[in-house]
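Now for the letters of each chain:
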Amino acid sequence: MIAAILSLTLLGAALGIVLGIANKFLKVEGNPVVEELLVMMPGSNCGQCGFPGCNGAAEAIVNGTAPATCCPPGGKALASAIAAKLGLTVDLSAMADDGPKIAVVAEELCIGCCRCSKVCPTDAIIGAAKQVHNVFREACTGCSSCIEKCPTEALVMRPVPVTLQHWVMPRPVAA
Amino acid sequence: MGFMNLLKHLLSDDWGVHPDDHKRPAADAPVRVMPVPQRLYLPLQQHLGGPARPVVLVGQQVSKGELIAEAQGMVSAPIHAPTSGTIVAVSEITAPHPSGLTLSAIILEADGRDAWGELPACVDPFSLSPAEIGQRVAAAGVVGMGGAAFPSSVKLVGASRAKVTTLVINGGECEPYLSCDDRLMRDQAAAIIDGIRIMQHATGANVALVGIEDNKPEAIAAMQRAAGRGDVVIRPVPARYPMGSEKQLIQVLTGTEVPADGRPADIGVIVHNVGTALAVRAAVREGKPLISRLVTVNGQCAAYPGNIEVRIGTLAEEVIAFAGGLKGDGLGLARRIMGGPMMGMQIPHWRVPVVKGSSGILALDASEVAAQEPNPCIRCGRCVKACPMGLLPLEMSARIRNQAYDEAIDLGLKDCIACGCCAYVCPSTIPLVQYFVHAKGELAAQDRTKLRNDATKKLALQRQERLAREAREKAEAAARRKAEREAAAAKVAAEAAAVNAQTQGESA
């Protein structure tokens, strides 16, 4: 009885000391940069980035295996914050484009040379020689091949105006 | 007793929600009639379908009820002058829409005489054929007054073709805060019943069922008195949101379910609102176009909540001023809404006109607005229970968050009626219905893009064909000219040869 208690106590104490020493000498340091990124990230571990939670994403960003733009909930704001922290340059244009564009004729500049209508792949430009040209909004695909043909810079690309018929309710920000 | 109730509760399909209705005291206050304002702003699109096309010129004098914009396309509605006056402009005005974008609108300056033009009255509407009634309703610009604003004549004419047997009249008014239909039923029950009979005649329905939520006992009593023991049956239904939704009301009243991708007409039912019944009566009996409507002004910030009869095109700002303004000059105002709090439109400011489908103007304070940060979904399943269409809002929203729209469609996104019950019950305050509205808009945009791409492809092909044809024609023309030239040259040569031969012959 006493022998059993004594041996188990000794065993426990010895193993405890070994664990204590191991904790002191074999300690694994976490990457402090990863910790800092984790604080900045949404922390919902949604997995939209394709990594197991925000921790995985933060590690991947620090290792350089994932771009700073990989977090959709964080959006542009987070991407630029991470880039600033890590000294990276990010291409924010990939995160959300600024919408489709179409060509528009500035009527006071158009001289009716017909050069633009010849290159339009969808015949979206109407006009005859020495007549002011115009662009069919519905037919223009925004290829901008007409822009460089214009000798008076009367053609410019403008964003397609948003109308009530085209408006889409923005996606709610994820929890 | 208690056990049976519990059992019934467990067994019955417990869809929908029971929000605090906030209908009184606004519903009990008598209707006030607002005088015609100085200027009216009449958007060209107040209905579903194609926008109307103006048929007046700036500076033109119009009489009350005169056509100022005609319907354009199969599904559309005309617009009439709500008062007599001068057209001052056709310009842009903020639409009653959460985007805050503008709509083209005719601006009418009232002359104060408010004089009707000539009206095509009709003594006995029951002698008219369904098609004639449809024409009169279409000409009067009547649209669904419940909020969706679908042109009523399209529904009526479609119903007479589709062999409709049951006319369901929606007096549910399940949206909290609103009481304009309640007020109409209390004050003008006889006229509504007359309108229902006219619609019954137009559709050929054997029976008309009027569904009224049981939180409006006065309206039920008034309608029962007016209906008598005829073929118009008043049926109280349990107060529950969204009882006033077409598919839900049909199921409760007739026990039949509208198929997922079908219309009520497929099961022989057609649904109209009580306000629409009144507008149809005015259009058919008196030839009066739809130029005014009852609007509920309500919300904690409204100083004197109540129902007000306003001309279409009046700015919400002026309606509120007439109703008695806002408490404390609108200091506690947290949200402006046009329509009901569940499905209405949040508007950016009060300079938005009342349109044919506007049922309410709500000034809500912070205590009435749910503006909490969303938390992660805890999968409690309350949204599933609340969904009147039997969908899985939590699963659908998770798909939409990851932009997996096709998976959301597989889960039934297209059946979603955007009633907002799911977002209302969510304990994590996740904006579920907003996800669905977003996804539907996104899918519609994708469809538009696809159509556009197809059109582009066609245009590009046509251009290539045109270029090829032009090249061919050019080549042909060149070949023809060459042939002509050669023929001419040959002829000249032949002549020359002939002359040569002659001269040689002569000389020989």
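Residues numbered from 1 in each chain as written. Chains lettered and ligands numbered in written order. Predicted model: local features only at pLDDT ≥ 70, side-chain atom pairs only at ≥ 80, totals over all residues. Heavy atoms only, no water.

**Side note on the environment of Ser104 of chain B**
Residues and elements named next belong to chain B.
Thought 1: Structurally, Ser104 can be placed in strand 8 (residues 102-110).
Thought 2: With relative accessibility at 30%, the residue Ser104 sits in the partly exposed group.
Thought 3: The spatial distance from the C-alpha of Ser104 to the C-alpha of Pro35 is 25 Å, given a sequence separation of 69 residues.
Thought 4: In this structure Ser104 touches Leu42, Pro43, Leu44, Ser91 and Glu92, once residues within four positions along its chain are discounted.
Thought 5: At 3.0 Å, the side chain of Ser104 and the side chain of Glu92 are in polar contact. (Helix = DSSP H or I, 4+ residues; strand = E, 2+ residues; numbered from the N terminus. Buried < 20%, exposed > 50% of the residue type's maximum accessible area, 1.4 Å probe, protein only. Contact = heavy atoms within 4.5 Å. Polar contact = N/O pair within 3.5 Å; in protein donor to acceptor, adjacent residues only side chain to side chain.)

**Details of the pattern of salt bridges**
Residue and element names in this part refer to chain B.
Thought 1: Applying the stated criterion to the full structure yields 26 salt bridges over all chains.
Thought 2: Residues Glu109 and Arg39 are paired through a salt bridge, measuring 3.0 Å at the closest nitrogen-oxygen approach. In this pair, Glu109 sits in strand 8 while Arg39 sits in strand 2 (residues 39-43), placing the two residues 70 residues apart along the sequence.
Thought 3: A relative accessible area of 22% means that Glu109 is categorised as partly exposed.
Thought 4: Salt bridges here are not isolated pairs; linked through shared partners, they connect Arg24, Asp28, Asp182, Arg186 and Glu218. (Salt bridge = Lys/Arg side-chain N within 4 Å of Asp/Glu carboxyl O.)

**Description of the domain arrangement of chain B**
Residue and element names in this part refer to chain B.
Thought 1: Along its sequence, chain B is carved into domain 1 (22-111 + 129-290) and domain 2 (295-368).
Thought 2: The centre of domain 1, based on its C-alpha atoms, is set 20 Å off from the matching centre of domain 2.
Thought 3: Facing the 47 residues of domain 1 at the interface are 42 residues of domain 2.
Thought 4: Here domain 1 and domain 2 share an interface that buries about 3600 Å² over both sides, 62% of which is from carbon and sulfur atoms.
Thought 5: Summed over the three residues of domain 1 that lose the most area to domain 2, namely Arg32, Met34 and Tyr177, the buried surface amounts to 22% of that side.
Thought 6: If you look at where domain 1 meets domain 2, you find zero salt bridges.
Thought 7: Linking domain 1 with domain 2 are 20 residue pairs in polar contact (both at pLDDT 80 or more).
Thought 8: Elements supplying a minimum of two residues to the side of domain 1 that touches domain 2: strand 1 (32-33), strand 2, strand 7 (85-94) and helix 4 (180-187).
Thought 9: Across the side of domain 1 that touches domain 2, the residue classes tally to 31 nonpolar, ten polar and six charged. (Domains from an automatic or database assignment. Buried area = accessible area lost by both parts, 1.4 Å probe. Nonpolar A, V, L, I, M, F, W, Y, C, P; charged D, E, K, R; others polar.)

**A few points about the nonpolar core**
Residue and element names in this part refer to chain B.
Thought 1: Counting residues in each nonpolar core, the largest one holds 47 residues, and the members touching the most others are Leu167, Ile192, Ile196, Val210, Met223 and Ile234.
Thought 2: Looking at this core, the element that brings in the most residues is helix 5 (residues 189-203), giving eight residues.
Thought 3: Setting aside its immediate chain neighbours within four residues, Ile192 contacts Leu184, Met185, Met223, Val274, Ala277 and Leu278.
Thought 4: Residues Cys383, Ile400, Ala408 and Ala439 belong to the second largest nonpolar core, which totals 20 residues. (Core = buried A, V, L, I, M, F, W, Y, C linked by side-chain atoms within 4.5 Å.)

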